[in-house]
Amino acid sequence: MRNFIFNFLYFIGATHLLFFINKLNRKVPIVLFHRVSPEPDPCWPPLTPIQFEETIRLLSKHYEFCPLDELLSPKSNNKKNICSLVFDD
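Residues numbered from 1 in each chain as written. Predicted model: local features only at pLDDT ≥ 70, side-chain atom pairs only at ≥ 80, totals over all residues. Heavy atoms only, no water.

Colleague: Residues and numbers for the sheet that holds strand β1 (residues 30-33), please.
Modeller: Strands in a sheet are paired, the pairing made by backbone hydrogen bonds, and the direction either parallel or antiparallel. Reading across from one edge, β1-β3-β2 is the order of the three strands in this open sheet, with parallel pairing throughout. A single partner strand is all that each edge strand has here, and the edge strands are β1 and β2 (64-65). Sheet topology places β1 next to strand β3 (residues 82-87); four bridges connect them, and they run parallel. The residue of β3 that forms the bridge with I30 is S84. (Pairing = 2+ DSSP bridges. Helix = DSSP H or I, 4+ residues; strand = E, 2+ residues; numbered from the N terminus.)

This is the structure in C-alpha coordinates:
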(Lines give C-alpha, C1' and ligand atoms only; values in the text may rest on other atoms or scores of the structure.)
Protein backbone atom coordinates (compact mmCIF):
# COMPACT_ATOMS: atom_id res chain seq x y z
CA MET A 1 0.00 0.00 0.00
CA ARG A 2 2.83 2.39 0.92
CA ASN A 3 4.52 1.86 -2.44
CA PHE A 4 1.23 2.47 -4.24
CA ILE A 5 0.75 5.82 -2.46
CA PHE A 6 4.30 7.00 -3.13
CA ASN A 7 4.14 5.89 -6.77
CA PHE A 8 0.80 7.66 -7.20
CA LEU A 9 2.15 10.91 -5.71
CA TYR A 10 5.20 10.67 -7.96
CA PHE A 11 3.06 9.95 -11.04
CA ILE A 12 0.80 12.98 -10.50
CA GLY A 13 3.81 15.25 -10.07
CA ALA A 14 3.42 15.98 -6.36
CA THR A 15 7.17 15.64 -5.86
CA HIS A 16 7.87 18.44 -8.35
CA LEU A 17 5.22 20.62 -6.70
CA LEU A 18 6.72 20.06 -3.24
CA PHE A 19 10.22 20.78 -4.59
CA PHE A 20 8.99 24.06 -6.10
CA ILE A 21 7.06 25.15 -2.97
CA ASN A 22 10.00 24.36 -0.69
CA LYS A 23 12.39 26.25 -2.95
CA LEU A 24 10.12 29.32 -2.95
CA ASN A 25 9.87 29.23 0.84
CA ARG A 26 13.64 28.66 1.20
CA LYS A 27 13.04 25.37 3.02
CA VAL A 28 15.94 22.95 3.33
CA PRO A 29 15.00 19.28 2.94
CA ILE A 30 16.24 16.85 5.56
CA VAL A 31 15.95 13.39 4.04
CA LEU A 32 15.40 10.68 6.63
CA PHE A 33 16.35 7.08 5.93
CA HIS A 34 15.40 4.26 8.23
CA ARG A 35 17.55 1.44 6.98
CA VAL A 36 19.50 0.34 3.92
CA SER A 37 19.95 -3.40 3.64
CA PRO A 38 19.87 -6.19 1.08
CA GLU A 39 18.05 -8.35 3.67
CA PRO A 40 14.22 -8.34 3.44
CA ASP A 41 12.10 -7.38 6.42
CA PRO A 42 8.37 -8.24 6.36
CA CYS A 43 7.44 -5.48 8.83
CA TRP A 44 9.25 -2.54 7.22
CA PRO A 45 11.04 -3.29 3.95
CA PRO A 46 14.38 -1.47 3.82
CA LEU A 47 15.84 0.32 0.84
CA THR A 48 18.15 -1.94 -1.04
CA PRO A 49 21.69 -0.64 -1.57
CA ILE A 50 20.85 -0.13 -5.26
CA GLN A 51 17.73 1.93 -4.40
CA PHE A 52 19.78 3.97 -1.95
CA GLU A 53 22.44 4.69 -4.59
CA GLU A 54 19.74 5.73 -7.09
CA THR A 55 18.17 8.02 -4.50
CA ILE A 56 21.52 9.66 -3.70
CA ARG A 57 22.26 10.04 -7.41
CA LEU A 58 18.87 11.71 -7.97
CA LEU A 59 19.28 14.03 -4.98
CA SER A 60 22.78 15.01 -6.04
CA LYS A 61 21.39 16.30 -9.35
CA HIS A 62 19.37 18.91 -7.45
CA TYR A 63 21.17 19.43 -4.14
CA GLU A 64 24.53 19.82 -2.50
CA PHE A 65 24.74 17.68 0.65
CA CYS A 66 25.37 19.47 3.92
CA PRO A 67 26.04 17.91 7.34
CA LEU A 68 23.12 18.43 9.70
CA ASP A 69 25.24 20.10 12.39
CA GLU A 70 26.54 22.60 9.81
CA LEU A 71 23.02 23.22 8.54
CA LEU A 72 21.76 23.97 12.05
CA SER A 73 24.76 26.09 12.99
CA PRO A 74 24.08 29.79 13.59
CA LYS A 75 27.05 30.49 11.30
CA SER A 76 25.43 28.62 8.42
CA ASN A 77 26.04 30.16 4.98
CA ASN A 78 22.46 29.50 3.84
CA LYS A 79 23.70 28.07 0.57
CA LYS A 80 21.16 27.48 -2.16
CA ASN A 81 19.98 24.00 -3.04
CA ILE A 82 21.33 22.17 -0.01
CA CYS A 83 19.90 19.16 1.79
CA SER A 84 20.91 16.96 4.66
CA LEU A 85 20.71 13.18 4.98
CA VAL A 86 20.02 11.46 8.29
CA PHE A 87 19.37 7.92 9.52
CA ASP A 88 17.04 7.29 12.44
CA ASP A 89 18.86 4.19 13.72
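So, next bit.
Colleague: Got a sec to walk through the pairing of β3? Specific residues and values, please.
Modeller: With two bridges connecting them, β2 and β3 associate as parallel partners. Its bridge partner being in β3, F65 is matched across the sheet by C83.

Colleague: Tell me about the packing of aromatic side chains, and please be specific about residues and values.
Modeller: If you walk through the whole model with that rule in mind, you get three aromatic pairs. Considering the side-chain rings of F33 and F52, the 5.1 Å spacing of their centres and the 75 degrees angle between planes classify their relative orientation as edge-to-face. With F33 in strand β1 and F52 in helix α3 (residues 49-62), this residue pair connects regions lying 19 residues apart in the sequence. Judged by relative accessible area, which is 6%, F33 ranks as buried. Consider the rings of F52 and F87, whose centres lie 6.0 Å apart with planes at 50 degrees: the pair is tilted. (Phe/Tyr/Trp six-rings, centres within 6.5 Å; stacked < 30°, edge-to-face > 60°. Buried < 20%, exposed > 50% of the residue type's maximum accessible area, 1.4 Å probe, protein only.)

Colleague: Mind laying out the environment of R57, listing which residues take part and the relevant values?
Modeller: Here R57 shows up in helix α3. What makes R57 partly exposed here is its relative accessible area of 47%. Put simply, R57 and N81 are 24 residues apart on the chain and 15 Å apart in space, counted from C-alpha to C-alpha.

Colleague: Mind laying out the pattern of salt bridges, listing which residues take part and the relevant values?
Modeller: With the rule as written, the count across this model stands at two salt bridges. In this structure, R35 and D41 form a salt bridge, with 2.9 Å as the shortest nitrogen-oxygen distance. A salt bridge links E53 to R57; its shortest N-O distance comes to 4.0 Å. Here E53 pairs with R57, and both are found in helix α3, just four residues apart, close to one helical turn. On the accessibility criterion, E53 (46% relative accessible area) is partly exposed. (Salt bridge = Lys/Arg side-chain N within 4 Å of Asp/Glu carboxyl O.)

Colleague: Account for the nonpolar core, with residues named and values stated.
Modeller: In terms of nonpolar packing, the biggest core is built from five residues, these being V31, F33, L59, Y63 and C83. Contacts of V31, omitting those with residues within four sequence positions, involve L59, S84, L85 and V86. (Core = buried A, V, L, I, M, F, W, Y, C linked by side-chain atoms within 4.5 Å. Contact = heavy atoms within 4.5 Å.)

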